[in-house]
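Here are the chains, one letter per residue:
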Amino acid sequence: MIRVLDQHTIDKIAAGEVIERPASVVKELVENSIDAEATRITIEIEDGGKSMIRVTDNGKGIDKEDVRKAYLSHATSKLDNADDLVGIMTLGFRGEALSTIAAVSQTEMITKTPESLTGIRYEIHGGKEIEYKEIGAPDGTTIIVRNLFYNTPARLKFLKSNMTEGSYINDLMSHVALANPEIAIKLISNGKTVIDTNGNNKVQETIYALFGKDIAKSVLPVDYSEGDITITGYTGKPFLSKGNRSFEYYYINKRYIKNAVINRAIEEAYKTYVMQHRFPFTVLYLDMPPESCDVNVHPAKREFRYDNEKELFSAVYHSVADALKEKELIPDAEAEHTTA
Ligand code: ADP
Ligand code: MG
């Protein structure tokens with residue numbers, strides 16, 4: 001028998017694609033806060049995000065009459081039609097995050113626009129509206145997601161330990177903080193503040209807040225342009241290198257993506273400074289024409305391709321190599337040298 005699925009079931013299935021784990025909820029909610037031009041975002045999690053995720057922002061809020069609409073699938077204020085997909089610069093644009101999150105959790109939203117005197121408290125459990133009420137609230141939006149996957153036991157079972165799920169959120173928020181040094185980001189996990197950046201748009205201070213003083217004082221400024229690509233940021237002195245690539249942070253037009261050409265270019269620039277199988281610390285911001293960038297739009301993926309790989313390699317390589325060349329690296333007693 002062929003059956004047409006009801007909307008609720010469709011949402012639950014879609015949730016499986018977009019919302020894989022607590023970190024995916026945090027990613028979607030925080031991207032919405034960034035799109036709403038928040039300058040301060042606070043994320044609180046309990047039990048690795050499994051029992052509670054709260055994201056509070058001071059962004060532009062949601063109009064009363066739009067609150068319910070925001071929870072419909074394919075409801076978005078960021079896209080009028082398919083043509084807008086080309087060159088869109090906001091972070092999320094599929095209009096499914098809120099509806100899918102609400103389908104698989106007990107969600108509460110409090111939101112107020114600066115123009116309105118009162119806000120709205122909206123509660124929705126498993127996709128079903130529980131409450132819609134006018135209340136006093138500060139400007140901005142708070143979304144609380146409780147008991148993720150409470151109604152999809154198969155998904156719940158697939159989650160890792162609280163500690164592991166929490167560490168995914170920590171990694172994600174480190175990337176968000178680095179990609180957005182102009183936003184004050186705070187992450188509180190089981191009552192303990194684990195990330196706290198000041199949002200003053202100084203990358204070195206964000207590095208300090210995330211990685212500590214020793215790393216923050218051992219980075220070299222990067223500032224380089226080649227063709228259509230401009231690269232700024234910092235690259236670590238060679239002794240900061242470690243045994244895996246997790247220290248190679250880079251963002252394209254403020255997006256956290258992965259790209260093998262960029263990794264290779266960074267590592268090539270360090271080749272004469274670090275031993276084989278050691279990987280440097282970098283925080284690079286690549287600014288390049290969006291129309292030449294191909295970012296896989298699937299929300300769970302971060303693959304990126306650029307029209308001109310040769311130019312991309314060359315720009316990244318030279319940006320890092322120049323920064324390394326400019327400084328005399330002698331004070332680093334621990335510096336590793338190879339004769340590659
Ligand atoms: P999308 O982000 O793809 O548009 P979402 O389901 O994530 O879809 O959000 C739906 C809509 O709800 C957004 O387009 C936006 O208008 C509104 N919205 C969601 N979160 C926020 C927020 N934190 N601040 C202001 N508006 C928000
Ligand atoms: Mg969104």
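Summary of the structure given here. (Residues numbered from 1 in each chain as written. Chains lettered and ligands numbered in written order. Predicted model: local features only at pLDDT ≥ 70, side-chain atom pairs only at ≥ 80, totals over all residues. Heavy atoms only, no water.)

1. Description of the side chain of S292
Relative to the helices and strands, S292 is located in the loop between β13 (282–287) and β14 (293–295). Apart from residues lying up to four places away in sequence, S292 is in contact with R305, Y306 and D307. (Helix = DSSP H or I, 4+ residues; strand = E, 2+ residues; numbered from the N terminus. Contact = heavy atoms within 4.5 Å.)

2. Some words on unusual backbone geometry
Positive phi values are uncommon outside glycine, yet N147 reaches one of about 50°. Mapped onto the elements, N147 comes out in the loop between β6 (140–146) and α5 (153–158).

3. Overview of the nonpolar core
Of all hydrophobic cores here, the largest spans 40 residues; its most connected members are V30, I41, I43, M173 and I185. Ranked by the residues each element gives to this core, the list is headed by helix α2 (residues 22–35), at 6 residues. Core analysis: the next-biggest nonpolar cluster, separate from the first, contains 29 residues, A265, M288, V316 and A321 among them. (Core = buried A, V, L, I, M, F, W, Y, C linked by side-chain atoms within 4.5 Å. Buried < 20%, exposed > 50% of the residue type's maximum accessible area, 1.4 Å probe, protein only.)

4. Digging into the packing of aromatic side chains
The final tally for this structure, using the stated rule, is 10 aromatic pairs. Centre to centre, the rings of F211 and F281 are 5.2 Å apart; their planes meet at 85°, and the pair counts as edge-to-face. Placement of the pair is F211 in helix α7 (residues 203–211) and F281 in the loop between α9 (260–269) and β13, with a sequence separation of 70 residues. Residue class for F281 comes out buried when judged on its relative accessible area of 0%. Among the aromatic residues, those joined into a cluster by ring pairs are F211, F247, Y249 and F281. One cation-aromatic arrangement involves R68 over Y132; the distance from NZ or CZ to the ring centre is 4.1 Å. Of note, K242 hangs over the ring of F247, and the distance from its end group to the ring centre comes to 4.1 Å. (Phe/Tyr/Trp six-rings, centres within 6.5 Å; stacked < 30°, edge-to-face > 60°. Lys NZ or Arg CZ within 6 Å of the ring centre and 35° of its normal.)

5. What about the sheet that holds strand β9 (residues 219–226)?
Read from one edge to the other, the open sheet built from 5 strands follows the order β9-β10-β13-β11-β12, with strand pairing classed as mixed. With partners counted over all chains shown, the strands left at the sheet margins are β9 and β12 (255–256), one partner each. In the sheet, strand β10 (residues 229–236) pairs with β13 via 6 bridges, with the strands oriented antiparallel. Bridge assignment links G233 to a residue of β13, and that residue is L284. Sitting on the sheet, helix α6 (residues 162–179) touches β11 (248–252), β12 and β13, and the angle it makes with β11 is about 55°. Strand contacts of α9: β11 and β13, with the helix running at about 130° to β11, the strand carrying the most contacts. (Pairing = 2+ DSSP bridges. Axes fitted to C-alpha atoms, helices over the stretch in contact; angles between N-to-C directions.)

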